[in-house]
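# Overview (structure and organization)
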Amino acid sequence: MIVLAVQALRSIGLLPGGVWVSGLAVGAPWWARLIHPFIHAGMGHALLNVYVLWQLVFFFHIRLRHLFFAYVVACLCPAGWAGWSIVTLPAGIPVVGLSGILYVLMGGVMTRLERKARFNAVIMGWTAFATVMGGVAVGLHLYAYVVGALSAMLVRRR
């Protein structure tokens, strides 16, 4: 709800542009790292991300601790440290959206499924399609997915 509310207020001009458009990028202010998951490129982007989050939470029983972990991983993504980044889009466009959080959660979900190869193919296919369409930080998606999968494998109960 926060994501949709922020996006709606931005679209109708009720939030100041400078603070609410900053995302994850080299040289961005420190607070941009904390708010980039809540800022989106448009209402369509926000709706798609919220829909995927809704599906993950209810179909795979994602708990609050999983959401918090995914948020922390997405916020700690290597962008701007030591002057390099795996997430900056062409022409310095900042990364915005819930995608980092979603990919951490999907990486964790993948470890619980029987058809891991099929799930991976769908996720990577979607990522490749979005990359071809443009405006997608592939490095962030892959980083988040791998961290989500590895962390789920490390904490899995046997």
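Residues numbered from 1 in each chain as written. Predicted model: local features only at pLDDT ≥ 70, side-chain atom pairs only at ≥ 80, totals over all residues. Heavy atoms only, no water.

On a plain count of helices and strands, the protein comes out with eight helices and two strands. Ordered by position from the N terminus, the helices and strands of the protein form the series α-α-α-α-α-β-β-α-α-α. Counting only residues that meet the buried cut, the protein has 37% of its 158 residues in that class. Accessible surface for the protein amounts to roughly 9,200 Å². Of this, 73% is attributable to carbon and sulfur atoms. (Helix = DSSP H or I, 4+ residues; strand = E, 2+ residues; numbered from the N terminus. Buried < 20%, exposed > 50% of the residue type's maximum accessible area, 1.4 Å probe, protein only. Areas by Shrake-Rupley, 256 points an atom, 1.4 Å probe, with all protein chains shown as cover.)

Attention now moves to the side chain of Thr127. Mapping Thr127 onto the fold places it in helix α7 (residues 116-133). Judged by relative accessible area, Thr127 falls into the buried class, the value being 4%. Reaching out from Thr127, the side chain makes a polar contact with the side chain of Tyr103 at a distance of 2.5 Å. Setting aside anything within four residues of it in sequence, one finds Thr127 in contact with Tyr103 and His141. (Polar contact = N/O pair within 3.5 Å; in protein donor to acceptor, adjacent residues only side chain to side chain. Contact = heavy atoms within 4.5 Å.)

So, on to the packing of α7 against helix α8 (residues 138-155). Direction vectors running N to C along α7 and α8 enclose 165°, while the axes themselves pass 10 Å from each other. When the interaxial angle is binned, α7 and α8 end up roughly antiparallel. As for the relative orientation of α7 and α8, their crossing is right-handed in sense. Only Val138, His141, Leu142 and Tyr145 of α8 make contact with α7, whose side of the interface consists of Phe119, Asn120, Ile123, Met124, Thr127 and Thr131. Looking at the contact of α7 with α8, its residues break down into six nonpolar, four polar and no charged. (Axes fitted to C-alpha atoms, helices over the stretch in contact; angles between N-to-C directions. Parallel < 35°, antiparallel > 145°, perpendicular 65-115°, else oblique. Left-handed = near helix turned anticlockwise from the far one by under 90°. Nonpolar A, V, L, I, M, F, W, Y, C, P; charged D, E, K, R; others polar.)

Let us look at the confidence of the model for the protein. Per-residue confidence for the protein gives a mean pLDDT of 78; residues scoring 70 or more make up 72%. In the model of the protein, helix α2 (residues 17-20) stands out as the element of lowest mean pLDDT, 48, in contrast to helix α6 (residues 99-110), which has the highest, 92. Low pLDDT, under 50, characterises residues 80-84; the stretch is placed with seven contacts to residues that sit more than four places away or in other chains. (pLDDT = per-residue confidence, 0-100.)

What follows covers a nonpolar patch on the surface. On the surface, Leu48, Trp126, Phe129 and Met133 cluster together into a nonpolar patch covering about 450 Å² of accessible area. By residue number, the principal contributor to the nonpolar patch is α7, which donates three residues. Among the structural elements, Leu48 can be located in helix α4 (residues 43-59). Given a relative accessible area of 39%, Leu48 falls into the partly exposed group. (Patch = residues over 30% accessible without salt bridge, like charges linked within 9 Å, V, L, I, M, F, W, Y side chains within 5 Å. Salt bridge = Lys/Arg side-chain N within 4 Å of Asp/Glu carboxyl O.)

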